[in-house]
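# Architecture and fold: a report
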Amino acid sequence: IHFENLPNSFYTNAGLETVRIYYKLLLLNRNLNLIISQEENLNINGFVIWGPANVSLVKSFLKNIFKFNYAKEVNIRNLFKFEILKKIFFKLFGTSLDYKPNLNSAKIISIAVDENSQGQGIGSELINQVLIDCLRKQYGSLYAITSSYQKSAICFYKSLENFNLVFEKKISNDYAMYVFSKILK
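Attention in this report is confined to the structure presented alongside it. (Residues numbered from 1 in each chain as written. Predicted model: local features only at pLDDT ≥ 70, side-chain atom pairs only at ≥ 80, totals over all residues. Heavy atoms only, no water.)

## Considering the pattern of salt bridges
Counting across every chain of the model gives 1 salt bridge. Taking the shortest distance from any N to any O, the salt bridge between Asp 133 and Arg 136 comes out at 3.5 Å. Of this pair, Asp 133 and Arg 136 both sit in helix H8 (residues 122-136), separated by 3 residues, roughly a single helical turn. Here Asp 133 falls in the buried class, since its relative accessible area comes to 13%. (Salt bridge = Lys/Arg side-chain N within 4 Å of Asp/Glu carboxyl O. Helix = DSSP H or I, 4+ residues; strand = E, 2+ residues; numbered from the N terminus. Buried < 20%, exposed > 50% of the residue type's maximum accessible area, 1.4 Å probe, protein only.)

## Quick notes on the environment of Ser 124
Along the polypeptide, Ser 124 turns up in helix H8. According to the relative accessible area criterion, Ser 124 is partly exposed, its value standing at 27%. The spatial distance from the C-alpha of Ser 124 to the C-alpha of Phe 156 is 8.5 Å, given a sequence separation of 32 residues. Filtering out sequence-adjacent residues up to four positions away, Ser 124 remains in contact with Phe 156 and Leu 160. (Contact = heavy atoms within 4.5 Å.)

## Some remarks on the side chain of Lys 107
Here Lys 107 lies in strand S3 (residues 105-113). Among the polar contacts listed, one links the side chain of Lys 107 to the backbone oxygen of Val 55, at a separation of 2.9 Å. In contact with Lys 107, other than residues within four places in its own chain, are Ile 49, Trp 50, Gly 51, Pro 52, Ala 53, Val 55, Leu 142 and Tyr 143. (Polar contact = N/O pair within 3.5 Å; in protein donor to acceptor, adjacent residues only side chain to side chain.)

## Here we look at the nonpolar core
In this structure, Ile 108, Ile 111, Ile 127, Cys 134, Leu 142 and Tyr 157 are the most contacted members of the largest nonpolar core, which totals 26 residues. Elements with a minimum of two residues in this core: strand S2 (44-52), S3, H8, strand S4 (141-147), helix H9 (151-159) and strand S6 (175-183). The element contributing the most residues to this core is H8, with 6 residues. Beyond its immediate stretch of four places on either side in the chain, Ile 111 contacts Phe 47, Val 48, Gly 123, Leu 126, Ile 127, Phe 156 and Tyr 157. (Core = buried A, V, L, I, M, F, W, Y, C linked by side-chain atoms within 4.5 Å.)

## Here's the deal with the pairing of strand S5 (residues 164-172)
Bridge count for S5 against S6 is 7 bridges, and the pairing is antiparallel. Paired with Phe 167 across the two strands is Val 179, which belongs to S6. Counting the residues between successive antiparallel strands, the hairpin from S5 to S6 contains 2 residues. (Pairing = 2+ DSSP bridges.)

## A look at the packing of aromatic side chains
By the definition in use, this model includes 5 aromatic pairs. On the basis of an interplanar angle of 45 degrees and a centroid distance of 4.8 Å, the ring pair of Tyr 149 and Tyr 175 is categorised as tilted. Linking Tyr 149 in the loop between S4 and H9 with Tyr 175 in strand S6, this pair joins segments that are 26 residues apart in sequence. Like Tyr 149, the residue Tyr 175 is buried in the burial classification. (Phe/Tyr/Trp six-rings, centres within 6.5 Å; stacked < 30°, edge-to-face > 60°.)

## Some remarks on a nonpolar patch on the surface
On the surface, a nonpolar cluster with roughly 350 Å² of combined accessible area is contributed by Leu 27, Leu 34, Ile 36 and Ile 44. In this fold, Ile 36 is placed in strand S1 (residues 33-38). Ile 36 gets classed as partly exposed once you look at its relative accessible area, which sits at 42%. (Patch = residues over 30% accessible without salt bridge, like charges linked within 9 Å, V, L, I, M, F, W, Y side chains within 5 Å. Areas by Shrake-Rupley, 256 points an atom, 1.4 Å probe, with all protein chains shown as cover.)

## Description of the sheet that holds S1
Spatial ordering of the open sheet is given by S1-S2-S3-S4-S6-S5, a layout of 6 strands whose pairing is mixed. With one partner strand each, in any of the chains shown, S1 and S5 form the two edges of the open sheet. Taken over all neighbouring pairs, the strand axes of this sheet differ in orientation by 20 degrees on average, direction set aside. Running at roughly 140 degrees to S3, helix H3 (residues 16-28) makes contact with S1, S2 and S3 of the sheet. Contacts from H9 reach S3, S4 and S6 within the one sheet, and its direction differs from that of S4 by about 155 degrees. (Axes fitted to C-alpha atoms, helices over the stretch in contact; angles between N-to-C directions.)

## Some details on the pairing of S2
A regular strand places its side chains on the two faces of the sheet in alternate fashion. The element S2 is largely enclosed, with a buried count of 8 among its 9 residues. Where S1 and S2 come together, 6 bridges link them in antiparallel fashion. For Ile 35, the partnering residue across the bridge sits in S2 and is Val 48. Here S1 hands over to S2 after 5 residues, with Leu 42 in that stretch at a positive phi of 75 degrees.

As structure tokens, then:
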């Protein structure tokens, strides 16, 4: 599902093992939440990972770095390609330099719906479940960061009720970051 929905992400470009490690690291973070959508045959057709805005993926990575043998699991050469390094840099530092969410915010870290299940309301239902959880946990807003490489994500967030583009930053001629947010209170 990740590769279908995020073909231009630096994780995808770095290879399958990098994607596996990325999700392992996300799931090791106890502050993050995973919601899965399944078909009747129990195949997963979508998921969303979300958590408090103050959760640092960089800190989570550094905290858990020795739980995996990265040199063995990841093709390190892939990580040193210029396009990958550029995406890593902007993923880590791009929006954090300018965009500051409300202190009591939650963020969507990753959302994906199987290509064959898109257009059936699964993504919207996953977001609705996140919104229910956010209200229960008394978050004031929910936001998502995406990039110009993920045009379907931009269209998706624009289609959601009361999700607004609150931040846009052009990083280079072909790369921009976007933040969509919904006020919950």
